[in-house]
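Overview (structure and organization)
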Amino acid sequence: MKPVLTIEYCPKCGWLLRAAYMAQELLTTFTAELGGVTLRPSETSGTYTIFINDQVLFDRKEAGHFPEIKFLKQLVRDQVAPDKPLGHSDR
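Residues numbered from 1 in each chain as written. Predicted model: local features only at pLDDT ≥ 70, side-chain atom pairs only at ≥ 80, totals over all residues. Heavy atoms only, no water.

Per an unreviewed UniProt entry, the chain carries the name SelT/SelW/SelH family protein and comes from Chitinophaga qingshengii.

The following block contains the structure:
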């Protein structure tokens with residue numbers, strides 16, 4: 001079974017578009033490796049957490065910033081397809 005990625009975001013903060021953009025980028029890059037990407041509005045203000053199968057991959061509050069898409073693709077790749085080249089995102 002392919003892993004499912006979940007992006008939990010704060011709707012009060014206006015982060016839906018950021019979450020949707022990252023979901024689109026990840027689905028485009030990992031079409032064959034992911035079982036899907038779910039966007040989940042959080043009830044906790046300031047939340048922007050990315051999970052793979054309920055395991056935290058990235059937490060904005062912990063990191064102190066949002067992930068750059070290049071970095072996020074590398075994190076996801078390391079979990080779901082370690083041998084997959086990412087082209088310009090590997091540089």
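Regarding its fold elements, the chain presents three helices and four strands. Taken from the N to the C terminus, the helices and strands of the chain come in the order β-α-β-β-β-α-α. Over its C-alpha atoms the chain spans a radius of gyration of 13 Å, differing by no more than 12% from the 12 Å that the globule rule assigns to 91 residues. In terms of its C-alpha atoms, the chain occupies a principal-axis envelope of roughly 35 × 30 × 20 Å. Across the 91 residues of the chain, 45% fall into the buried class. Restricting to contacts in the chain with at least 6 residues of sequence separation, those with at least 24 account for 62%. Averaged over its 11 positive side-chain charges, the chain has a centre that lies 5 Å from the centre of its 11 negative ones. (Helix = DSSP H or I, 4+ residues; strand = E, 2+ residues; numbered from the N terminus. Rg over C-alpha atoms; globule rule 2.2 N^0.38 Å. Buried < 20%, exposed > 50% of the residue type's maximum accessible area, 1.4 Å probe, protein only. Contact = heavy atoms within 4.5 Å. Lys, Arg positive; Asp, Glu negative; His and termini not counted. Charge placed at Lys NZ, Arg CZ, Asp CG, Glu CD.)

Of the strand pairs in this sheet, strand 1 (residues 4-9) and strand 2 (residues 36-41) are connected by six bridges, and their pairing is parallel. Across the sheet, the residue bridging to tyrosine 9 is proline 41, located in strand 2. In this region the chain leaves strand 1, passes through helix 1 (residues 16-29) and returns to the parallel neighbour strand 2; the handedness of that crossover is right-handed. (Pairing = 2+ DSSP bridges. Right-handed = clockwise from strand over helix to strand, strands pointing away.)

Leu5, Ile7, Tyr48, Ile50, Leu72 and Val76 are the most contacted members of the largest nonpolar core, which has 24 residues in total. Counting only elements with at least two residues in this core, the list comes to strand 1, helix 1, strand 3 (48-52), strand 4 (55-59) and helix 3 (69-80). Residues within four places of tyrosine 48 in sequence aside, it is in contact with Ile7, Glu8, Tyr9, Trp15, Arg18, Ala19, Met22, Phe58, Asp59, Arg60, Phe66 and Pro67. (Core = buried A, V, L, I, M, F, W, Y, C linked by side-chain atoms within 4.5 Å.)

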